[in-house]
Amino acid sequence: MSFSIPYEYDDHIQLWANELKDWLPDSLFDAHVHLGPPEVVGEISSERQQTGLTAFTHLILEEINDICASLFDGKRTAGMITFGFPLQEVNIEAANAYTAGLIRKHSHVKGFIFCNPGDVAGMVRDFREWEKAGVRFHGVKPYFDFLRKSNYETDWEELLPTALLEFMNGEELVMMLHTCRTGMGEPRVQEFIGDVVDRYPKIKIVFAHMGRYFRVEPTLKFLESDLLNCPSLHLEMSSATVPEVYERVLSRRELWDRLLFGTDLPFGLWTGVEQWSQATGPVFVTRNTAVTHPAWLRRFGIDPDRLTYNTYHVVKAVKDAMGKLRLDEVQSRALREKVFLSNAQRLFEQGCDDRSE
């Protein structure tokens, strides 16, 4: 499986031009971007090349600037949370060095350091060395693939070992958390994270992909849970394209300040949406019928000609959910500014106590 990065955008179904461009704020903060040069990536086996995780392996800042100028035509990128491509074939130290260079040169880049959960000491050493060189990472990105295991096989205690949590709490860092197993819908997982936030209150956790949902119903229960009363927990929305999920989030006023726009670029350039069924499990249905199994299209009743960039579908889902709130124009504009800009900015404000209004 391989995907090329499109530099010419045709807005397949005119979703951007007709619905999204005028609705979005003029300035955006992207809370989930992968950046890294090709030279930090080692050889990827033919078997690994068949997985979606290795579909993209490198992208540099100059390229992402060009992509965003086209993808979000007329908008300004005010900030972005960046980290490398979390692949076991990546040289972690070299990937972190590229991110450190971005932090040093570009104030709008909030770079996160990679962490192999099996080598927390190595991450801490890398963090300290860059700190001595005048670069401080804004957060941490732990990832299961560095353990050479899938997310389904990785236990939470492996992904978030005590040594990592103690370090992050002491440094008051932000964590970009791609959940393991089947995501935050599992009650045992909610208990585990609840214990983490109780014991390590100075860590801000951003749940990538809305807690990585596969089935909608367990996710809706998570979004109703008392766990999300904790002000240090945030929801990043890349790849999540089901309006009902955002309706549940927005039904809780305290979560309006903790929903973050993210693209997962370049993965957000996939032209499709996530789907789940008992028969297929989690699958990604794309516009590219050479990649998507025809049976998936039939099962989910999806017309591939109505698909476009995943990031556009994410924004459309949020737009539809906000439309049901029946806010006046002033209230609507204020909420959009929060979700697409200021909520992410507040993660990095000194002395911010993260309390909702």
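A. Seen up close, the overall build of the chain. The number of helices and strands found in the chain is 13 helices and 10 strands. Taking 2.2 N^0.38 as the reference for a compact globule, 357 residues should give roughly 21 Å; the C-alpha atoms of the chain span a radius of gyration of 19 Å, in line with that estimate. Dimensions along the principal axes, computed over C-alpha positions, put the chain at roughly 50 × 50 × 40 Å. Burial analysis of the chain (357 residues in total) assigns 57% to the buried set. Sequence separation of 24 or more characterises 80% of the internal contacts of the chain that already satisfy a separation of 6 or more. Of the accessible surface of the chain, which amounts to about 15200 Å², a share of 46% is contributed by carbon and sulfur atoms.

B. Broad picture of the pattern of salt bridges. All chains considered together, the criterion is met by 22 salt bridges. The shortest N-O distance in the salt bridge between Glu-19 and Lys-316 comes to 2.7 Å. Residue Glu-19 is found in helix H1 (residues 15-20), and its partner Lys-316 is found in helix H12 (residues 310-323); the two are separated by 297 residues along the sequence. Owing to a relative accessible area of 23%, Lys-316 belongs among the partly exposed residues under this scheme. Its salt-bridge partner being Lys-316, residue Asp-320 comes within 3.1 Å of it at the nearest N-O pair.

C. Representation of unusual backbone geometry within the structure. Residues Leu-265 and Pro-266 are joined by a peptide bond in cis, for which omega reads 5 degrees. Within the secondary structure layout, Pro-266 lies in the loop between strand S8 (259-260) and strand S9 (272-277). A positive phi angle, near 50 degrees, is found at Asp-11, a position not held by glycine. Position of Asp-11 among the secondary structure elements: in the segment before H1. A relative accessible area of 10% means that Asp-11 is categorised as buried.

D. Broad picture of the pairing of strand S6 (residues 204-207). Going residue by residue along S6, you find Lys-204 and Val-206 tucked away on one face and Ile-205 and Phe-207 tucked away on the opposite face as well. Across four bridges, strand S5 (residues 174-177) lies against S6 in parallel orientation. When the bridges of S6 are listed, Val-174 appears paired with Lys-204. Regarding topology, helix H7 (residues 187-199) serves as the crossover connection from S5 to the parallel S6, and that connection is right-handed.

E. Structural view of the sheet that holds strand S2 (residues 76-83). Spatial ordering of the open sheet is given by S1-S2-S3-S4-S5-S6-S7-S8, a layout of eight strands whose pairing is parallel. Strand pairing shows two members of the sheet lacking a second neighbour, strand S1 (27-34) and S8, which therefore form its edges. Here helix H3 (residues 92-105) sits on the sheet in contact with S2 and strand S3 (109-115), set at roughly 165 degrees to S3.

F. The confidence of the model for the chain, seen in detail. The share of residues in the chain with pLDDT of 70 or more is 96%, and the mean pLDDT across the chain is 94. Across residues 351-357, confidence stays below pLDDT 50; counting only partners more than four residues off in sequence or on other chains, it has 14 contacts.

G. Structural detail: the packing of helix H10 (residues 243-250) against H12. With their axes 8 Å apart at the nearest point, H10 and H12 run at an angle of 50 degrees to one another. Classified by the angle between their axes, H10 and H12 sit oblique to one another. Considering only the axes of H10 and H12, their crossing is right-handed. Contacts from Pro-243, Tyr-246, Glu-247 and Leu-250 of H10 reach H12 at Val-314, Ala-317, Val-318, Asp-320, Ala-321 and Met-322. Here the contact of H10 with H12 is built from residues that sort into eight nonpolar, no polar and two charged.

Thresholds, definitions, all that
Residues numbered from 1 in each chain as written. Predicted model: local features only at pLDDT ≥ 70, side-chain atom pairs only at ≥ 80, totals over all residues. Heavy atoms only, no water. Helix = DSSP H or I, 4+ residues; strand = E, 2+ residues; numbered from the N terminus. Rg over C-alpha atoms; globule rule 2.2 N^0.38 Å. Buried < 20%, exposed > 50% of the residue type's maximum accessible area, 1.4 Å probe, protein only. Contact = heavy atoms within 4.5 Å. Areas by Shrake-Rupley, 256 points an atom, 1.4 Å probe, with all protein chains shown as cover. Salt bridge = Lys/Arg side-chain N within 4 Å of Asp/Glu carboxyl O. Pairing = 2+ DSSP bridges. Right-handed = clockwise from strand over helix to strand, strands pointing away. Axes fitted to C-alpha atoms, helices over the stretch in contact; angles between N-to-C directions. pLDDT = per-residue confidence, 0-100. Parallel < 35°, antiparallel > 145°, perpendicular 65-115°, else oblique. Left-handed = near helix turned anticlockwise from the far one by under 90°. Nonpolar A, V, L, I, M, F, W, Y, C, P; charged D, E, K, R; others polar.

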